Amino acid sequence: MTDDLFTQAARAIVEADREAAVRIAAEALEAGIAPGEIMAKGFVAGIAEVGELFESGELFLPELMMAAQAMEGAMAITNAALGEGAAVRKGTIVLGTVQGDVHDIGKAIVIAYLKANSYQVHDLGRDCSIETFLAKAAEHAADVIGMSALLTTTMEEQKKLIARLKEQGQRDSYKVIVGGAPCTQRWADQIGADAYAEDASDGVKKIDALLGH
Ligand code: B12
């Protein structure tokens, strides 16, 4: 039954069926499956398959966009179910997708997890410039700057932001965490980030560790 729902969830994304995705998300929650589990084992598996089909030329951009819309439908339900953590705030994070990059599904999941784990998160949206990251980090007295990048070309923005912090003598003012499919621990080390996380729950763990929780 549970496996069935995971398969159905993945299929709804591959078939770009938003209505089915929304229905299956609700059914999974009703069946007592944790929001993170139906997302990871069902919907994310589906969007990963879509990515492979796109790469191999079996799907084209309009289909990719429709699959992403189905994903957003499911995500609205699972992220809402994650809720907010205890009122005590463990820290403040500004998190956005870097300039030139509009991929924001992963970012939205990370934000939902962080909020559910009692972090205050300011969502800087997508296609976010270095200037905006830094201005918002200062405005909110952030502890952590989180940057998402899904393109090998836009990963460079993560590197540039860290270089800018160093130039401005502000490197120690914030912890910096990077993520997104093309990023790795090696990349994080190379650019001098404080942490890399491979998914949303890893992101919470890494930020907890950075802030000593
Ligand atoms: C959906 C999608 C789109 C959608 C995005 C919709 C949206 N609102 O986000 C649309 C259709 C708009 C799109 C457009 C494009 N896309 Co696209 N897209 C994808 C796809 C299929 C899935 C991405 C996704 O949502 N994954 C699911 C989420 C949950 O995973 P995630 O993003 O990795 O996030 C998780 C972790 O990485 C981590 N994480 C992510 N960010 C962060 C940040 C922090 C701080 C932390 C701690 C953790 C963290 O936690 C998340 C949750 O677990 C990927 C394929 C793939 N396998 O990644 C291609 C992919 C990324 N796209 C690709 C391409 C080429 C494009 C386009 C250039 C296509 C075109 N010709 O126009 C454009 C680029 C537009 C732009 N300027 O950004 C390529 C990139 C190739 C490369 N090496 O650079 C990929 C890899 C597809 C492929 N295999 O060719 N795309």
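Computed from a predicted structure; not experimentally measured. (Residues numbered from 1 in each chain as written. Predicted model: local features only at pLDDT ≥ 70, side-chain atom pairs only at ≥ 80, totals over all residues. Heavy atoms only, no water.)

S.K.: I keep staring at the site of the ligand and nothing clicks. Help me out?
M.R.: In the vicinity of the ligand there are 34 residues, among which Glu72, Val102, His103, Asp104 and Ser148 approach most closely. In the environment of the ligand, a nitrogen atom lies 2.7 Å from a nitrogen or oxygen atom belonging to the side chain of Asp104. Ile105 has a polar backbone atom sitting 3.4 Å from an oxygen atom of the ligand. Residue assignment for the shell around the ligand shows that the elements contributing at least two residues are helix H3 (35-55), helix H4 (61-82), helix H5 (105-116), strand S3 (144-148) and strand S4 (175-179). Along the lines of polarity and charge, the residues of the shell around the ligand split into 18 nonpolar, nine polar and seven charged. (Near = heavy atom within 4 Å. Polar contact = N/O pair within 3.5 Å; in protein donor to acceptor, adjacent residues only side chain to side chain. Helix = DSSP H or I, 4+ residues; strand = E, 2+ residues; numbered from the N terminus. Nonpolar A, V, L, I, M, F, W, Y, C, P; charged D, E, K, R; others polar.)

S.K.: Just checking my understanding: could you explain the sheet that holds strand S2 (residues 120-123) for this structure?
M.R.: Picture the strands of a sheet paired through backbone hydrogen bonds; they go either parallel or antiparallel. Overall, parallel pairing links the five strands, which are arranged S2-S1-S3-S4-S5 in an open sheet. The strands lining the two open edges of the sheet, one partner per strand, are S2 and strand S5 (195-196). Bridge analysis of strand S1 (residues 92-97) against S2 gives four bridges, and the strand direction is parallel. Counterpart to Thr92 in the pairing with S2 is Gln120. Sheet contacts for helix H7 (residues 155-167): S3 and S4; angle to S3, the most-contacted strand, approximately 155 degrees. (Pairing = 2+ DSSP bridges. Contact = heavy atoms within 4.5 Å. Axes fitted to C-alpha atoms, helices over the stretch in contact; angles between N-to-C directions.)

S.K.: Explanation requested: the side chain of Arg171 in the structure shown.
M.R.: Structurally, Arg171 is set in the loop between H7 and S4. Among the polar contacts listed, one links the side chain of Arg171 to the backbone oxygen of Tyr174, at a separation of 3.0 Å. At a separation of 2.8 Å, a polar atom in the side chain of Arg171 contacts the side chain of Asp194. Residues contacting Arg171, with those up to four places away along its chain left out, are Ile162, Leu165, Lys166, Val176, Gly192, Ala193 and Asp194.

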